[in-house]
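Below, each chain spelled out in residue letters.
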Amino acid sequence: MEDTSSERNVTDQPQQLATPLDSDPGSPFPPSSNTTGARFPSRPSPTASEAKVLIPRSNASDRVLGHARIPRACANCQKKKTKCDGRKPTCGLCLRSGTLCAYTKSKRENQQLQVQSLEQRVLAYESLLREIVSQSPQDNRQSIHDAIQSRFQASPEFFSTLLAPNPRTEQHISSPKPGLSLARMHQAWQSSERSSTLALLQQPPVRITSIQHWTSLVDDEVASHLLSLYFTWENPTWHLIDQTLFVHDLEHRRTRFCSSLLVHTLLFFGCSFSYNLTRITDRREEKVLGEKLYAAIQRLWLQEKESSDLPTIQSSILIGLLCCTFGIDKMGTNYIIHAAELSDKLKLDKSDCPYFSSDTSDERTMISNCQKLVSWAIFDIQALACQVYRKASSYEEPPAVRFYPEETTMLDEGFEWRPYPFQAPVSQPFFYTAARVRSGLVAIVHDIARFALRFPGPILTREDWAYGSNLHRMLLDWHNLLPWSVLPRHNTTPHVLCLHLYYQSTIVSLCEIFLLNADPTSIPPFPSFDPLRLKFQALDVIGSLILIYKSTHGYKSIPIVMLHYFCVAGVHAVSRLHPDSPRWGLVLESSVIGLWHMSLGWGRLCKAFLRTIDLVLKARSPDESLIPPKVTSILSQINGNLWTGMDTGALAADYVVYHVPDDLGKAPGKGNGGFKAHALQELLAALEGLDVS
């Protein structure tokens, strides 16, 4: 895979949500009047000898038509100097080779974009000057007016609108919202050295025109930007929200797939993904808006929590995820379980569910697809919560509705994913195929989570080992049957990388059940199921996937579940630091920087994970030369400045940290047993109590 870390490191390009774009409309060859019914000039009847050689031939236009000129080849074909068929989103050659396909803009198009950007900047400067004039004290206003007047004499065409008594321009063009709109990103990006190589989209992929019906906290421009961020980066992992039906109901003021609570919640998520292109650490405006949105969410929850509808279920899950990032997952998991119970009550996972009924065939197909995506997403998130937080599942069995391979192949045709707000790279995400195969993994996760609740308790029996070995075989079979379109070597979109991180972390969780509860002196009765070996193999793969994510997407917009994977990889990397393995220093650095960037938009759990890695490092005491300087810099700010013992006491986190190195916590004269703290809060308290001076 091509390394793009030079463009997407700590100060790099962001990533955001994937939204389906229009598919390629039909044949690449335009219709022509010369293709049929061509007439030739009349001539005398041929002689017998002439008749033997006169064969109808296609005219020149026919021959040109069969080899239509491609307006522009993709970047890969241009580089390799191969013939490109011009298909979008992926040309035939890139599709067959499994490489990313991107189309660069022409010189003329880039010039047009630069002109448009300059026009936007001029309008913004004019608006700023008017604001300065209008808000300045009366004593200073005349001097400002005189300065503008002197400039007006030299360039009247530039300053005439500023001196107009009642300028009408503001009625048509409003100044971009600072930090919270795509227009503002364009302004900031023009000053960047990479603006000529990494172009921004001209419009958000999600366009909203009726947000005022649902909230007064943002306008349509800001709402379009924030929702585009959510639907590009977060939603594809689970597809909890059907984008098409949600936007349709939002615009038409309907409440079957949209609600005020859900709108505010998605906007809050969008704020967590938003940033300043030139100063990623500057998220003051996002924080101010986020606080207002969260206050509205709390108020609206009290009004809508009893509503038996899909938007309330979706909102409850998203609020639960937010609570988990705040370090109060004991409350967050209650929201998630509440949503699962409400979903079960409405029978959203049943084929005859009344909520997803429809009268027209076209709408019936769309709503049926929505049911398959959303019902599995609800089941997926609650299964993950049960696995990570050791909670009882609300489901006896997985959803009854599901996709089939033929369906997902057709549905994936023509879909594109772009790292909003950037135009490239464009890739075919295979959303539906990924959702279909993920459902098979989730069903296994559900069984593992239920099995784990039996422990600690009874001694592991041979039947338990047989069951664990069978679960591991099911995981291997699932992985071996994955289609090429969702393998990381062909598809590095965030939701596909998260899928494989989920698979590897599930192996770790399964192995830990046996490592924590089996007799350490006994030999596993099934040689192919060696938990210790399999656990470390999976953790090593997680480290590799973290490096792929970093080099492909950077850190500016990261799906919320990456919190979990950064923590897993970061703690494991500490135990693998060695002069002969510089790779693990990179994994540690990527995990710590990833958590640091996520802490700018999410809650205190990011800092708690950073504190955990910091304390594990101190307990391990590796050679300082093995610790990357960026890791040292970030953790020095966490230690005592951004995290204290009071923060640890204020946590209410059941998050289970299984993968702490076994020898941590041992102290001279206290025997051979390491500490057995599993919950994050208990683990931090145990580590903070260690003598690491």
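Look up: the structure comes first, before these words.
Please read these numbers as outputs of a predicted model, since none were measured by experiment.

Cut-off values and rules
- Residues numbered from 1 in each chain as written.
- Predicted model: local features only at pLDDT ≥ 70, side-chain atom pairs only at ≥ 80, totals over all residues.
- Heavy atoms only, no water.
- Phe/Tyr/Trp six-rings, centres within 6.5 Å; stacked < 30°, edge-to-face > 60°.
- Buried < 20%, exposed > 50% of the residue type's maximum accessible area, 1.4 Å probe, protein only.
- Lys NZ or Arg CZ within 6 Å of the ring centre and 35° of its normal.
- Core = buried A, V, L, I, M, F, W, Y, C linked by side-chain atoms within 4.5 Å.
- Helix = DSSP H or I, 4+ residues; strand = E, 2+ residues; numbered from the N terminus.
- Contact = heavy atoms within 4.5 Å.
- Disulfide = S-S within 2.5 Å.
- Expected span 1.5 Å × (residues − 1).

Enquirer: For this particular structure, what's the right way to read the packing of aromatic side chains?
Expert: Between two aromatic rings, the relevant description is the distance of the centres plus the angle of the planes. In this structure the tally under the stated criterion is 25 aromatic pairs. Measuring from ring centre to ring centre gives 5.7 Å for Tyr 355 and Phe 356, while their planes differ by 70 degrees; the resulting arrangement is edge-to-face. Overall, the relative accessible area of 17% leaves Tyr 355 in the buried class. Phe 356 gets classed as buried once you look at its relative accessible area, which sits at 7%. Ring pairing ties together the aromatic residues Tyr 230, Phe 231, Phe 246, Phe 269, Phe 273 and Trp 602, which thus form one cluster. The ring of Trp 584 is capped by Arg 583, whose NZ or CZ atom sits 4.6 Å from the centre of that ring.

Enquirer: It is not clear to me how the nonpolar core should be interpreted in this structure. Could you clarify?
Expert: Side chains of nonpolar character tend, in soluble globular proteins, to be buried together. One finds Phe 246 and Met 562 to be the most contacted residues of the largest nonpolar core, which totals 172 residues. Ranked by residue count, the leading element in this core is helix α16 (residues 361-389), at 14 residues. Excluding anything up to four places from it in sequence, Phe 246 contacts Leu 227, Phe 231, Ile 241, Phe 257, Cys 258, Leu 262, Val 263 and Leu 266. If you look at the next biggest cluster of nonpolar residues, it comprises seven residues, including Cys 74, Cys 91, Cys 94 and Cys 101.

Enquirer: Can you help me understand the state of the cysteines in this one?
Expert: As used here, a disulfide is simply a covalent bond connecting the sulfur atoms of two cysteines. Evaluated as defined, the whole model comprises zero disulfides. Just so you know, Cys 323 is unpaired, no disulfide at all, and the nearest cysteine sulfur is the one on Cys 324, 7.0 Å from it. Overall, the relative accessible area of 2% leaves Cys 323 in the buried class.

Enquirer: Before we go on, may I ask you to explain the side chain of His 500 in this structure?
Expert: In this structure, His 500 sits in helix α20 (residues 494-517). Residues within four places of His 500 in sequence aside, it is in contact with His 479, Leu 482, Val 486, Leu 487, Pro 488 and Leu 545.

Enquirer: For this particular structure, what's the right way to read the environment of Trp 238?
Expert: Mapped onto the elements of the fold, Trp 238 is located in helix α10 (residues 220-238). Classification of Trp 238 by relative accessible area gives buried; the value is 8%. For the pair formed by Trp 238 and Leu 499, sequence separation is 261 residues and the distance between their alpha carbons is 9.6 Å. Non-local contacts of Trp 238, meaning those with residues more than four positions away in its chain, are made with Leu 321, Leu 373, Ala 377, Asp 380, Ile 381, Leu 384, Arg 438, Ile 560 and Val 561.

Enquirer: It is not clear to me how the environment of Met 410 should be interpreted in this structure. Could you clarify?
Expert: By the secondary structure assignment, Met 410 is in helix α17 (residues 405-412). For Met 410, a relative accessible area of 65% puts it in the exposed group. Here the alpha-carbon distance between Met 410 and Thr 433, two residues 23 residues apart in the chain, equals 9.7 Å.

Enquirer: Even after reading the chapter, I still don't get the side chain of Ser 591, so can you show me in this structure?
Expert: Counting through the fold element by element, Ser 591 comes out in helix α23 (residues 583-599). Looking at Ser 591, the relative accessible area reads 0%, which means it is buried. With sequence-adjacent residues up to four places away left out, Ser 591 is seen in contact with Ile 546, Phe 566, Ala 569 and Gly 570.

Enquirer: Looking at this model, I keep getting lost on helix α14 (residues 310-325). Mind explaining?
Expert: Within an α-helix, residues lying three or four positions from one another point in the same direction, as the helix has 3.6 residues per turn. Its 16 residues give α14 an end-to-end C-alpha distance of 23 Å, which sits within 8% of 22 Å, the value for a rise of 1.5 Å per residue. Looking at the residues trailing α14, positive phi occurs at Gly 327, about 85 degrees.

Enquirer: What is the right way to look at unusual backbone geometry in this model?
Expert: Residues other than glycine predominantly adopt negative phi, and peptide bonds predominantly adopt the trans conformation. Across the junction of Tyr 420 and Pro 421, the peptide omega takes the value 10 degrees, indicating a cis bond. With respect to the helices and strands, the residue Pro 421 is situated in the loop between α17 and α18 (431-452). Following Ala 424, the chain continues into Pro 425 via a peptide bond in cis, with omega recorded as 5 degrees. Looking at the element boundaries, Pro 425 is found in the loop between α17 and α18. Non-glycine residue Arg 253 carries a positive phi angle of around 60 degrees. Relative to the helices and strands, Arg 253 resides in the loop between α11 (243-252) and α12 (260-273). The class for Arg 253 is partly exposed, based on a relative accessible area of 48%. With phi around 55 degrees, Phe 430 is a residue other than glycine that occupies positive phi space. Topologically, Phe 430 is positioned in the loop between α17 and α18. By relative accessible area, Phe 430 is classed as buried at 13%.

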